[in-house]
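Notes for the structure review
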Amino acid sequence: MSFIRIEQRNARLAAAVKIDQVKGSEGPITKGTVVVISNGRRGAGKEDEVTSVQWTLWGKQAENAAKYLDRGSHVNVVGRLQNNSYTDAGGSKVYGFTFTCEEIDYLDSKAESEARRLREQGASEPEPSPSKGKGRKAAHA
């Protein structure tokens, strides 16, 4: 089997990370699934081309992604592609691919992530306190 490296750069999540516990040889393992969308320009007319890839993450990487990433989060994903073809019960060949994440870079700042999380929850961003400037001056006195 050949190794194919797949990179999805400057992409965003289409939905929240889905987490499952699966049975592993040494006990339960966390399996995460993310759908990552990349927008690109293609052709002479430079039309938008949208590519959506469902990635599987494992272990601590999946747990951290579920904790820190939400729908709309910006990421870079690097991983591998595996052939997932099989013969079904009727004898027909079913073709498919599995994308397994090896590296995921979180591109949003903590402030951007928190603002997105608040928007998703339907809450408005907190307004700055009117005494904020006064407190700063008092601290320097």
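So, how was this worked out
- Residues numbered from 1 in each chain as written.
- Predicted model: local features only at pLDDT ≥ 70, side-chain atom pairs only at ≥ 80, totals over all residues.
- Heavy atoms only, no water.
- Helix = DSSP H or I, 4+ residues; strand = E, 2+ residues; numbered from the N terminus.
- Buried < 20%, exposed > 50% of the residue type's maximum accessible area, 1.4 Å probe, protein only.
- Contact = heavy atoms within 4.5 Å.
- Areas by Shrake-Rupley, 256 points an atom, 1.4 Å probe, with all protein chains shown as cover.
- Polar contact = N/O pair within 3.5 Å; in protein donor to acceptor, adjacent residues only side chain to side chain.
- 1 Å grid on protein atoms, 1.4 Å probe; cavity = no way out; pocket = protein on both sides within 12 Å on 5 of 7 lines; lining within 4 Å.
- Points joined across faces, edges and corners; volume = space filled by probe spheres on them.
- Nonpolar A, V, L, I, M, F, W, Y, C, P; charged D, E, K, R; others polar.
- pLDDT = per-residue confidence, 0-100.
- Core = buried A, V, L, I, M, F, W, Y, C linked by side-chain atoms within 4.5 Å.
- Salt bridge = Lys/Arg side-chain N within 4 Å of Asp/Glu carboxyl O.

Before going further, it helps to spend a moment on the overall build of the protein chain. In terms of regular secondary structure, the protein chain is built from three helices and eight strands. When the elements of the protein chain are put in sequence order from the N terminus, they spell out β-β-β-β-α-β-β-β-β-α-α. Taken across its 141 residues, the protein chain has 26% of its residues classed as buried. Within the protein chain, contacts between residues separated by at least 24 positions form 59% of all contacts whose residues are at least 6 apart in sequence. Roughly 10,100 Å² of accessible area belongs to the protein chain as shown, and the carbon and sulfur atoms make up 49% of that amount.

Now for the side chain of D108. Examined against the element boundaries, D108 turns out to sit in the loop between β8 (97-106) and α2 (110-120). Of note is the side chain of D108, whose polar atom sits 3.0 Å from the backbone nitrogen of H74. Not counting residues within four places of it along the chain, the set of residues in contact with D108 comprises G72, S73, H74, S113 and R116.

Turning to the layout of surface pockets, a few remarks are in order. Empty space within the largest pocket amounts to approximately 170 Å³. As for the largest pocket, its lining consists of K67, Y68, L69, Y106, D108, S109, K110, S113, E114 and R117. Those elements giving two or more residues to the lining of the largest pocket turn out to be α1 (59-68) and α2. Take the lining of the largest pocket: its biggest share by element is four residues, from α2. Residues that form the lining of the largest pocket fall into these classes: three nonpolar, two polar and five charged.

Phi at N10 is positive, roughly 45°, even though this residue is not glycine. Counting through the fold element by element, N10 comes out in strand β1 (residues 4-13). We classify N10 as exposed; its relative accessible area is 60%.

Here the protein chain averages 81 in pLDDT, and 82% of its residues register 70 or above. Confidence drops under a pLDDT of 50 for residues 127-141, and excluding neighbours within four residues, the segment shows zero contacts in the predicted structure.

Below, the discussion takes up the nonpolar core. Counting residues in hydrophobic clusters, the biggest one holds 17 residues, and the most contacted among them are V36 and W55. Where this core is concerned, the elements lending two or more residues are β1, β3 (27-42), β4 (47-58), α1, β5 (74-83) and β8. When neighbours within four sequence positions are excluded, V36 is seen to be in contact with Q8, A11, R12, L13, T51, S52, V53, W55, V75 and V77.

Attention shifts here to the pattern of salt bridges. By the definition in use, this model includes four salt bridges. R5 is the salt-bridge partner of E7, the closest N and O atoms lying 3.2 Å from each other. The exposure class assigned to E7 is partly exposed, which follows from its relative accessible area of 41%. Between E63 and K60 there is a salt bridge whose closest N-O contact spans 3.7 Å. With E63 and K60 both in helix α1, this residue pair falls three residues apart, about one helical turn. Assessed through its relative accessible area of 57%, K60 is described here as exposed.

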